[in-house]
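Structural overview for review
Below are the chains, spelled out letter by letter.
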Amino acid sequence: MSAFSLVTATNVFKRKFWKMSDAVFNASNVTWSRLNKNSDFVGKDMFVSNPLSFSGGVGSGSLPTPNVGKYEGSIINSKKIYAVCQVDREAIKASEQSEGAFVKAMAETVKKTLESFMRNMSRQFFADGSGVLGKGAGAAAATAVTGLGTTASPYIVTLTAATFFDANFEERDLVQIGTGAAVDNSGAAIETTFLEIASVDPVLFQVGLVGTSARLAVHVAAPSKFATTDIIVMQNSYQNDITGLRGIADLSAAGSGTLYNVPVQRRWSMQVQDASAAAITVDLINQEMLKIERKSGKVPNLIVCGFKQYQKMLALQENQKRYNLSPKDSKYAGQFSFDGLQFMSTAGIVPVVYDRFVHDDEIWLLNDNYITITMRPGGVQWFEEDGTVFLRDTGSDSYSARYGGYMENYAIPTFHGQIKNLAV
């Protein structure tokens, strides 16, 4: 015998549904929202003439001999940037009324796809253009690659603090494995198979992957660690991302290579300062801001850092916080907060913002007047040339939609700076 209970008579009891939870991930794209964007990019590429020197001739005592100025031509080529979503027709029908689902299937799918697209654009803007999300550390990693690539036993790839950046990894993203990558992430051979990110561990610097990979299988069989030439890449994105700030900074620091078809040189490079593990100071920021102004004649108008450096700047610039005091009401007694941090430059106030795609040990000094996202006509949009956004998939009752555009990030390097390798 048994008593009437939630267990013995479970099918009698109703289920209480509460409201859907807020998203538990950070979907903000602070920096990307400030950038200039145009959609007049037509033709096979775009040419921009850049004067890098004065012209004519000057001198004293007698007439000088004139000379032509130095002009370099930038060539901008568009990159194809996409997002795709798919929804089952039955799911659309089952979610038409509120008692059937928390959200309407199509609306929810569209919303989250757009958020993911914007997240990927922010990632690309601060990256190096290679599409690489993480790189192996070889012997420096704590453990070898383990697992079978199955749902029950995913591949566990261990990176290090220096090669792992948790903002780059999102559960359910599809990625590829590459081998033979150089220090600058070039020259890799990319496997054709996709793996799904099943887990991300920011404490152990581990990524769990489900799928097939010949390279990971070799590491498991050895066993061996994810090599310094091994990479994890966003699906189909290797060397297909827009030009990112890190790529510009790396070329500038090396003092070689080309950027938008122009050789890196004195007046075609970003100001890069290696802090060598020193702590951020007001003097260091002033130093780099003035170096940029000395070279270009312009002052950065936006400082972007990660959460770690923002925390340090909060403590560093206590007198620069802008406080919002609550109304004089007893119920607000003792409440206060600040709504922003500002840096005083030679040209006035410069806002300081944080972005999750900025590494913990770096700060970017940007002038957004000289950063433009150049796009093909129409900008970024849903592909609806067929007369509808959602197209029925062949041989299925599901529907797919494509969102994206053809663009490039054109950032004139001379007006920007990076402070890297700061103390964390």
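Residues numbered from 1 in each chain as written. Predicted model: local features only at pLDDT ≥ 70, side-chain atom pairs only at ≥ 80, totals over all residues. Heavy atoms only, no water.

Let us look at the overall build of the protein chain. Broken down by element type, the protein chain carries seven helices and 24 strands. Taking all 424 residues of the protein chain together, 42% fall into the buried category. A separation threshold of at least 6 residues defines the contact pool for the protein chain, and within that pool the share at least 24 residues apart is 73%. Taken as a whole, the protein chain presents about 22,900 Å² of accessible surface, with 54% of it coming from carbon and sulfur. (Helix = DSSP H or I, 4+ residues; strand = E, 2+ residues; numbered from the N terminus. Buried < 20%, exposed > 50% of the residue type's maximum accessible area, 1.4 Å probe, protein only. Contact = heavy atoms within 4.5 Å. Areas by Shrake-Rupley, 256 points an atom, 1.4 Å probe, with all protein chains shown as cover.)

Inspection of the entire model under this criterion finds nine salt bridges. A salt bridge links arginine 34 to aspartate 368; the nearest nitrogen and oxygen atoms lie 2.6 Å apart. Here arginine 34 is found in helix α1 (residues 30-34), whereas its partner aspartate 368 is found in the loop between β19 (363-366) and β20 (371-375), with 334 residues between them in sequence. What makes aspartate 368 buried here is its relative accessible area of 8%. Residues aspartate 173 and arginine 119 are paired through a salt bridge, measuring 2.7 Å at the closest nitrogen-oxygen approach. A residue pair is termed long-range when its members are at least 10 positions apart, and aspartate 173 in the loop between β6 (155-158) and β7 (174-179) and arginine 119 in helix α3 (residues 105-125) qualify at 54 residues. For the pair shown, aspartate 173 and arginine 119 are each scored as buried. (Salt bridge = Lys/Arg side-chain N within 4 Å of Asp/Glu carboxyl O.)

Quick look at the nonpolar core now. In terms of nonpolar packing, the biggest core is built from 48 residues, with Phe125, Phe126, Trp268, Val304, Trp364 and Met407 touching the most fellow members. Among the elements of the structure, β4 (79-88), α3, α5 (245-254), β15 (302-305), β19, β20 and β23 (398-411) are those that each provide at least two residues to this core. With sequence-adjacent residues up to four places away left out, tryptophan 268 is seen in contact with Asn50, Leu52, Ser74, Leu259, Tyr260, Val262, Pro263, Tyr410, Ile412, Pro413 and Thr414. Ala275, Leu284, Val299 and Phe343 belong to the second-largest nonpolar core, a separate cluster that totals 20 residues. (Core = buried A, V, L, I, M, F, W, Y, C linked by side-chain atoms within 4.5 Å.)

The subject of this paragraph is the environment of glutamate 115. Inspection of the secondary structure puts glutamate 115 in helix α3. Using a relative accessible area of 23% as the deciding quantity, one classes glutamate 115 as partly exposed. Distance from glutamate 115 to alanine 83, taken between C-alpha atoms, is 9.9 Å for residues 32 residues apart in sequence. In terms of polar contacts, glutamate 115 uses its side chain to reach the side chain of lysine 112, at 3.4 Å. (Polar contact = N/O pair within 3.5 Å; in protein donor to acceptor, adjacent residues only side chain to side chain.)

Bringing α3 into the picture now. With 21 residues, α3 ought to run about 30 Å at 1.5 Å a step, and its terminal C-alpha atoms sit 30 Å apart, in line with that. Within the sequence span of α3, burial applies to Ala105, Thr109, Thr113, Phe117, Arg119, Asn120, Met121, Ser122, Arg123, Gln124 and Phe125. (Expected span 1.5 Å × (residues − 1).)

Our next topic: the packing of aromatic side chains. Under the counting rule described, the total for this entry stands at 13 aromatic pairs. When the centroid spacing of 4.6 Å and the interplanar angle of 75° are considered together, the rings of tyrosine 310 and tyrosine 354 count as edge-to-face. Separated by 44 residues along the polypeptide, tyrosine 310 in helix α7 (residues 307-316) and tyrosine 354 in strand β18 (residues 348-354) bring together distant segments of the chain. Judged by relative accessible area, tyrosine 354 falls into the partly exposed class, the value being 36%. Between the aromatic rings of tyrosine 370 and phenylalanine 415, the centroid separation amounts to 3.8 Å while the plane-to-plane angle is 10°, which identifies the pairing as stacked. In this pair, tyrosine 370 sits in the loop between β19 and β20 while phenylalanine 415 sits in the loop between β23 and β24 (417-420), placing the two residues 45 residues apart along the sequence. For tyrosine 370, a relative accessible area of 23% gives the class partly exposed. Aromatic rings pair up to connect Trp32, Phe125 and Phe126 into one cluster. When the ring centre of phenylalanine 41 is taken as reference, the NZ or CZ atom of arginine 376 above it lies at 4.1 Å. (Phe/Tyr/Trp six-rings, centres within 6.5 Å; stacked < 30°, edge-to-face > 60°. Lys NZ or Arg CZ within 6 Å of the ring centre and 35° of its normal.)

For aspartate 393, the location among the structural elements is in the loop between β22 (391-392) and β23. Arginine 402 provides the closest opposite charge to the buried, salt-bridge-free aspartate 393, at an N-O distance of 5.7 Å. With residues near it in sequence (within four places) discarded, aspartate 393 still touches Gln86, Ser398, Tyr399 and Ser400. (Lys, Arg positive; Asp, Glu negative; His and termini not counted.)

Of the residues making up α5, those classed as buried are Leu245, Arg246, Gly247, Ile248, Ala249 and Ser252. Buried-residue contacts for α5 involve α3, β12 (258-259), β14 (271-274), β19, β23 and β24. Looking one or two places after α5, you find glycine 255, whose phi comes out positive at around 75°.

Let us look at the pairing of β7. Bridge count for β7 against strand β9 (residues 195-201) is two bridges, and the pairing is antiparallel. Of the residues in β9, the one forming a bridge with valine 175 is leucine 195. With four bridges joining them, β7 and strand β11 (residues 231-234) adopt antiparallel strand pairing. The residue of β11 that forms the bridge with glutamine 176 is valine 233. Of the pairings in the sheet, the one linking β7 to strand β8 (residues 189-190) comprises two bridges and is antiparallel in character. Within β8, the position partnered with glycine 178 by the bridge is isoleucine 190. (Pairing = 2+ DSSP bridges.)

Mapped onto the elements of the fold, cysteine 85 is located in strand β4. Of the residues examined, cysteine 85 reaches a relative accessible area of 4% and is grouped as buried. Sequence-wise, cysteine 85 and serine 400 are 315 residues apart; in three dimensions their C-alpha atoms are separated by 5.6 Å. The contact partners of cysteine 85, leaving out residues within four places of it in the chain, are Thr109, Thr113, Trp382, Phe390, Tyr399, Ser400 and Ala401.

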